[in-house]
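Fold and contact review
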Amino acid sequence: MTQLYSLQFVSFLVLALIVYFMVGRTRLRSCQWVVLLVASLAFYLFSGWQNLFFIGVTALSVWLVGLRFDALDRLEGKLKRDAADRAEKREVKRRVKQRKWVFLLLVMVLNFGILSYVKYWNVILGMLGAADGPLASHLLLPLGISFYTFQSIGYVIDCYFGKCPPERNFARFLLFVSYFPQLIQGPINRFDDLATQLYEPHRFDVHNARRALLLVGYGVFKKFAIADVLVSVVSNALDSIDASTPGCVIVYGIFLYAIYQYADFSGGIDMVRGVSQLFGIKMALNFRQPYFSVSIADFWHRWHITLGAWMRDYVFYPLALRPSMKSLTSWATAHLGKHVGRTIAGCIANIVVFFLVGLWHGAEMHYIFWGLYNGLLIASADLARPLFTWLTDKLRVNVASAPYHVFRIVRTFVLVCIGYYFDRLMNAGDLSIAFYNTIFNFQPQNFVAYLQLHPTASLSLCLMLAGISCLILFAVSVMAERGIDVKERILTAPLVVRFVIYAVFAVLVLFSFTLVQTSGGFMYANF
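Treat the numbers as computed from the prediction; the structure is a model and nothing was measured. (Residues numbered from 1 in each chain as written. Predicted model: local features only at pLDDT ≥ 70, side-chain atom pairs only at ≥ 80, totals over all residues. Heavy atoms only, no water.)

**Considering the overall build of the protein chain**
Within the protein chain one finds 22 helices and zero strands. Against the globule reference of 24 Å for 527 residues, the protein chain gives a C-alpha radius of gyration of 25 Å, in line with a compact fold. Buried positions account for 49% of the 527 residues belonging to the protein chain. Sequence separation of 24 or more characterises 77% of the internal contacts of the protein chain that already satisfy a separation of 6 or more. As displayed, the protein chain has an accessible area near 25900 Å², and 67% of this comes from carbon and sulfur atoms. (Helix = DSSP H or I, 4+ residues; strand = E, 2+ residues; numbered from the N terminus. Rg over C-alpha atoms; globule rule 2.2 N^0.38 Å. Buried < 20%, exposed > 50% of the residue type's maximum accessible area, 1.4 Å probe, protein only. Contact = heavy atoms within 4.5 Å. Areas by Shrake-Rupley, 256 points an atom, 1.4 Å probe, with all protein chains shown as cover.)

Here you go:
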């Protein structure tokens with residue numbers, strides 16, 4: 001039932017919607033959230049009853065610590081009012097802060113420890129050659145554990161700093177953690193953005209439902225008409241790399257992988273956001289035309305937005321603003337210049353952040369290298385910004401011109417695709433061969449011959465379907481980049497125009513079923 005396009009999930013969703021909005025028409029509409037909680041727990045139960053233990057531990061531990069923070073804050077206020085002087089007030093504040101820090105550390109160790117064990121333990125044992133030993137874990141990765149763990153820790157850190165009041169009702173907090181649309185592959189929602197929507201009553205709104213169904217349909221289109229038809233093509237190009245594989249084939253595979261990954265991940269996010277919107281609940285945006293980015297930093301403001309925002313708020317700023325970083329900034333300013341002084345703390349923090357981003361995807365070394373690659377690129381770009389400015393001035397480049405903007409987009413896409421070498425090629429030998437052949441053994445004259453020796457079923461039809469679908473995706477992305485509300489344009493178009501649009505999307509999706517008999521799951525459901 002965890003597959004969004006399965007008959008079981010659709011039946012489950014329809015039933016949940018009917019009950020939810022029926023309750024919303026009664027005097028019990030203030031309890032609509034209970035329907036969501038029951039539906040979410042039922043959904044998670046179908047993913048594996050044992051997984052309820054993990055999500056229950058996370059929800060309960062984080063909820064209790066949030067309440068403890070509130071109690072300590074109230075105790076601090078009382079003790080300060082009874083304090084005799086400022087020195088005593090400062091001591092009260094210090095003691096309370098220390099106790100809060102201990103509770104925060106304990107809940108983070110507990111939850112990140114659980115996440116690390118179920119996600120990374122066997123990988124680490126494999127690196128040590130003990131994957132089949134007695135210490136190996138036989139637990140399956142609980143659905144959405146990375147997403148709900150980060151979401152819950154974000155909540156408790158906000159409570160620690162007093163940014164949001166703790167939720168006193170455990171059942172309501174459990175809904176925030178277990179809300180079923182976000183469990184499959186995110187996004188990582190924030191309590192202050194999502195909680196109010198979860199708990200307030202909603203009435204069925206036809207216009208909202210139509211927009212939600214369009215979003216779901218667009219996600220289905222990206223998943224089936226692009227991602228699924230490219231899976232075998234990408235695998236055929238990249239799964240059996242050896243010294244004879246021309247570099248042009250590797251570039252071709254990486255380029256298609258870039259399209260596949262975006263269509264699969266963003267398509268899934270569109271679907272879960274659309275499902276949530278059917279209930280009248282808008283989850284956080286996770287993609288904003290990432291392949292129109294003009295720099296790697298800009299790319300990470302558009303790709304997996306909620307993970308980037310989480311890392312920014314809970315890792316980057318706390319690290320970059322530490323007293324030791326301020327001391328380093330002062331030293332660098334005095335010895336290396338103002339620009340280095342201004343950027344050095346941010347550069348170090350970015351490298352740490354992207355090391356953790358890589359680790360979030362997996363403990364395998366290729367993910368770590370991929371994360372570090374992104375972090376080092378961003379840090380290098382920040383440090384070299386005066387050089388780039390001098391160079392564009394020297395060459396008299398009009399940085400505001402359209403050609404230069406396009407150049408920056410293409411340059412960024414190429415850099416992103418280089419990073420996908422680390423992301424997609426899991427074996428160090430394959431990775432070294434891929435880079436070597438891309439640079440020194442490109443062999444464009446052998447491209448067709450190689451593909452003929454390694455045939456993919458219905459290759460021409462798959463590429464044709466994906467190509468047509470990508471043109472549509474590109475057109476929609478351009479309109480969205482220009483601030484056009486594409487869904488509203490479609491909904492307000494004449495009936496004939498809408499019928500043609502829906503028919504084209506339906507034909508493309510149905511055609512994909514003739515090329516791919518079974519659909520794979522979502523790539524990011526594994527994280």
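**Side note on the side chain of Ser40**
Relative to the elements of secondary structure, Ser40 occurs in helix α2 (residues 32-46). In this structure Ser40 comes out as buried when scored by relative accessible area, which is 0%. Of the polar contacts made by the side chain of Ser40, one reaches the backbone nitrogen of Phe180; its length is 3.1 Å. In this structure Ser40 touches Leu175, Ser178, Tyr179 and Phe180, once residues within four positions along its chain are discounted. (Polar contact = N/O pair within 3.5 Å; in protein donor to acceptor, adjacent residues only side chain to side chain.)

**A few points about the pattern of salt bridges**
Within the structure shown, the criterion is met by 19 salt bridges. The residue Lys78 makes a salt bridge to Asp82 at a minimum N-O spacing of 3.5 Å. With a gap of four residues between them, Lys78 and Asp82 both fall in helix α3 (residues 51-82), about one helical turn apart. Under the relative-accessibility criterion, Lys78 is labelled partly exposed at 44%. Here Arg211 ties to Asp485 by a salt bridge, and the two come within 3.2 Å at their closest N and O atoms. Remark: Asp485 occurs in the loop between α20 (459-481) and α21 (486-491) and Arg211 occurs in helix α9 (residues 206-238); sequence separation between them is 274 residues. Linked by salt bridges that have partners in common, Asp70, Arg74 and Arg168 make up one network. (Salt bridge = Lys/Arg side-chain N within 4 Å of Asp/Glu carboxyl O.)

**Points about helix α10 (residues 247-278)**
If you check α10, its first and last C-alpha atoms are 46 Å apart, about what 32 residues at 1.5 Å a residue would give, namely 46 Å. A large share of α10 lies buried, amounting to 30 of its 32 residues. Within two residues after α10, Gly280 carries a phi angle of roughly 85 degrees, on the positive side. (Expected span 1.5 Å × (residues − 1).)

**Some thoughts on a nonpolar patch on the surface**
Residues Val10, Val14, Leu15, Ile18, Val19 and Met22 make up a contiguous nonpolar surface patch of about 520 Å² in total accessible area. Locating Met22 in the fold gives a position in helix α1 (residues 7-23). Exposure remark for Met22: the relative accessible area of 54% places this residue in the exposed category. (Patch = residues over 30% accessible without salt bridge, like charges linked within 9 Å, V, L, I, M, F, W, Y side chains within 5 Å.)

**Considering the packing of α20 against helix α22 (residues 495-515)**
Contact pair α20 / α22: the axes reach a minimum separation of 11 Å and the direction vectors enclose 155 degrees. On the basis of the axis angle, α20 is roughly antiparallel to α22. Classified by chirality, the crossing of α22 by α20 is left-handed. Here Leu461, Cys462, Met464, Leu465, Ile468, Ser469 and Ile472 of α20 lie close against α22, whose contacting residues are Val504, Phe505, Leu508, Phe511, Ser512 and Leu515. (Axes fitted to C-alpha atoms, helices over the stretch in contact; angles between N-to-C directions. Parallel < 35°, antiparallel > 145°, perpendicular 65-115°, else oblique. Left-handed = near helix turned anticlockwise from the far one by under 90°.)

**Concerning the packing of helix α6 (residues 170-178) against helix α8 (residues 191-199)**
Two quantities define a packed helix pair, namely the angle between the axes and the distance from one axis to the other. Between α6 and α8, the shortest axis-to-axis distance is 10 Å and the interhelical angle comes to 115 degrees. Here α6 and α8 pass one another in a crossing that is right-handed. Facing α6, whose interface residues are Arg172, Phe173, Leu175 and Phe176, α8 presents Phe191, Leu194, Leu198 and Tyr199. Each residue belonging to the contact of α6 with α8 can be placed in one class, and the counts come to seven nonpolar, no polar and one charged. (Nonpolar A, V, L, I, M, F, W, Y, C, P; charged D, E, K, R; others polar.)

**Details of the packing of aromatic side chains**
On inspection of all chains with the given rule, the structure shows 55 aromatic pairs. Taking 4.8 Å as the distance between ring centres and 85 degrees as the angle between the ring planes, the aromatic pair formed by Phe265 and Phe287 counts as edge-to-face. Of this pair, Phe265 sits in helix α10 while Phe287 sits in the loop between α10 and α11 (296-299), and the two are 22 residues apart along the sequence. In this structure, Phe265 and Phe287 share a single accessibility class: buried. A centroid spacing of 5.6 Å and a plane angle of 40 degrees characterise the contact between Tyr373 and Phe422, whose relative ring orientation is tilted. One end of the pair, Tyr373, is in helix α15 (residues 365-383); the other, Phe422, is in helix α17 (residues 402-424), with 49 residues separating them in the sequence. Note on Phe422: relative accessible area 15%, which makes it buried. Sitting above the plane of the Trp360 ring, Lys119 keeps its charged end 4.9 Å from the centroid. (Phe/Tyr/Trp six-rings, centres within 6.5 Å; stacked < 30°, edge-to-face > 60°. Lys NZ or Arg CZ within 6 Å of the ring centre and 35° of its normal.)

**Structural notes on the environment of Gly217**
You can see Gly217 is positioned in helix α9. Looking at Gly217, the relative accessible area reads 33%, which means it is partly exposed. Separated by twelve residues in sequence, Gly217 and Val229 have C-alpha atoms that sit 17 Å apart.

**Overview of the environment of Cys347**
As for its position among the elements, Cys347 is in helix α14 (residues 338-361). The class of Cys347 is buried, set by a relative accessible area of 4%. Sequence-distant contacts of Cys347, that is, excluding residues within four places in its chain, are made with Ala379, Asp382 and Leu383.

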